[in-house]
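# Architecture and fold: a report
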Amino acid sequence: MFTGGIEMAEGPPHAAGKYSKVSSTSNMNSLLNSDNKAAEKRLQPSNDSELQAEQKPPEQEELETYPEKPASYIWLSILCLFYNFAAGIFALVFSILSDNAWSRDDTPTARRYGRIALLLCVIGVIITILIVIIVLPIIQTKPV
């Protein structure tokens, strides 16, 4: 038992009352060890819910989430240029506007311009198909 630099001698009952001097380095080591153990106990959570709260997976620790970038359909607009130039030009303009709106952190506008670009590409496909199906056969059957 430790009592301020003097240790009670452990042993048989007739030896109780005998004291022995303890070196200062062993006193310091025992004090440091007891302080470290006390500090560790203070740092440990007292129940399981605190333990679970402290052990969050790294991906759940206050990560800032940004909205997903809406599709601008720029690749589809460039493709649309080859089969319907008029619709492709307008679709390309709206695709670029969509990207610019996203870079200004204006997600709703970027989404709206992206949808307009997609709609123009679809209209371009429909017009091209109608031209191929209806107009070309008419032109080919007329005698010159």
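Residues numbered from 1 in each chain as written. Predicted model: local features only at pLDDT ≥ 70, side-chain atom pairs only at ≥ 80, totals over all residues. Heavy atoms only, no water.

## Quick word on the packing of helix α3 (residues 74-83) against helix α4 (residues 85-103)
The angle between the axes and the distance between the axes are what describe a pair of packed helices. Packing of α3 against α4 leaves a shortest axis separation of 7 Å and a crossing angle of 165°. When the interaxial angle is binned, α3 and α4 end up roughly antiparallel. The interaxial crossing formed by α3 with α4 has left-handed handedness. Of the residues in α4, those in contact with I74, S77, I78, C80, L81 and Y83 of α3 are F85, A87, G88, I89, A91, L92, S95, I96 and D99. Tallied by class, residues from the contact of α3 with α4 come to eleven nonpolar, three polar and one charged. (Axes fitted to C-alpha atoms, helices over the stretch in contact; angles between N-to-C directions. Helix = DSSP H or I, 4+ residues; strand = E, 2+ residues; numbered from the N terminus. Parallel < 35°, antiparallel > 145°, perpendicular 65-115°, else oblique. Left-handed = near helix turned anticlockwise from the far one by under 90°. Contact = heavy atoms within 4.5 Å. Nonpolar A, V, L, I, M, F, W, Y, C, P; charged D, E, K, R; others polar.)

## Quick look at the nonpolar core
Core analysis: the largest hydrophobic core is formed by five residues, namely L76, C80, A87, A91 and C121. When residues of this core are traced back to their parent elements, those giving at least two are α3 and α4. When near neighbours in sequence (up to four residues on either side) are disregarded, A87 contacts C80, L120 and G124. (Core = buried A, V, L, I, M, F, W, Y, C linked by side-chain atoms within 4.5 Å. Buried < 20%, exposed > 50% of the residue type's maximum accessible area, 1.4 Å probe, protein only.)

## Thoughts on the pattern of salt bridges
This model, assessed by the stated rule, comprises one salt bridge. Salt-bridge contacts for K69 lead to D99; the nearest nitrogen and oxygen are separated by 3.0 Å. Pair noted here: K69 is in the loop between α2 (48-54) and α3 and D99 is in helix α4, with a separation of 30 residues, a long-range link. (Salt bridge = Lys/Arg side-chain N within 4 Å of Asp/Glu carboxyl O.)

## So, the packing of aromatic side chains
One pass over the structure, following the stated rule, counts one aromatic pair. Seen in terms of ring centroids, F94 and Y113 are 5.7 Å apart; in terms of plane orientation they differ by 55°. Their pairing is tilted. One end of the pair, F94, is in helix α4; the other, Y113, is in helix α5 (residues 107-141), and 19 residues separate them in sequence. Against the face of Y113 rests R112, its NZ or CZ located 5.2 Å from the ring centre. (Phe/Tyr/Trp six-rings, centres within 6.5 Å; stacked < 30°, edge-to-face > 60°. Lys NZ or Arg CZ within 6 Å of the ring centre and 35° of its normal.)

## Focus on the confidence of the model for the chain
Mean pLDDT over the chain: 76, with 55% of residues reaching 70 or higher. Ranking the helices and strands of the chain by mean pLDDT puts α4 first, with 96, and strand β3 (residues 19-21) last, with 50. (pLDDT = per-residue confidence, 0-100.)

## Here's the deal with the side chain of S77
Tracing the chain through its elements places S77 in helix α3. Look at S77 and you get buried, because its relative accessible area is 0%.

## Focus: unusual backbone geometry
In this structure, Y73 takes a positive phi of about 60° despite not being glycine. Of the residues examined, Y73 reaches a relative accessible area of 24% and is grouped as partly exposed. Phi at D105 takes a positive value of approximately 65°, unusual for a residue other than glycine. Within the secondary structure, D105 sits in the loop between α4 and α5. Note on D105: relative accessible area 69%, which makes it exposed.

## What to know about α3
Taken together, the buried positions of α3 are L76, S77 and C80. Around the axis of α3, the buried residues are gathered within 100° of arc, so they sit on the same side. Relative to its buried face, α3 has exposed residues pointing more than 90 degrees away, namely W75 and F82. Considering only its buried residues, α3 is in contact with α4 and α5. (Arc of directions from axis to C-beta.)

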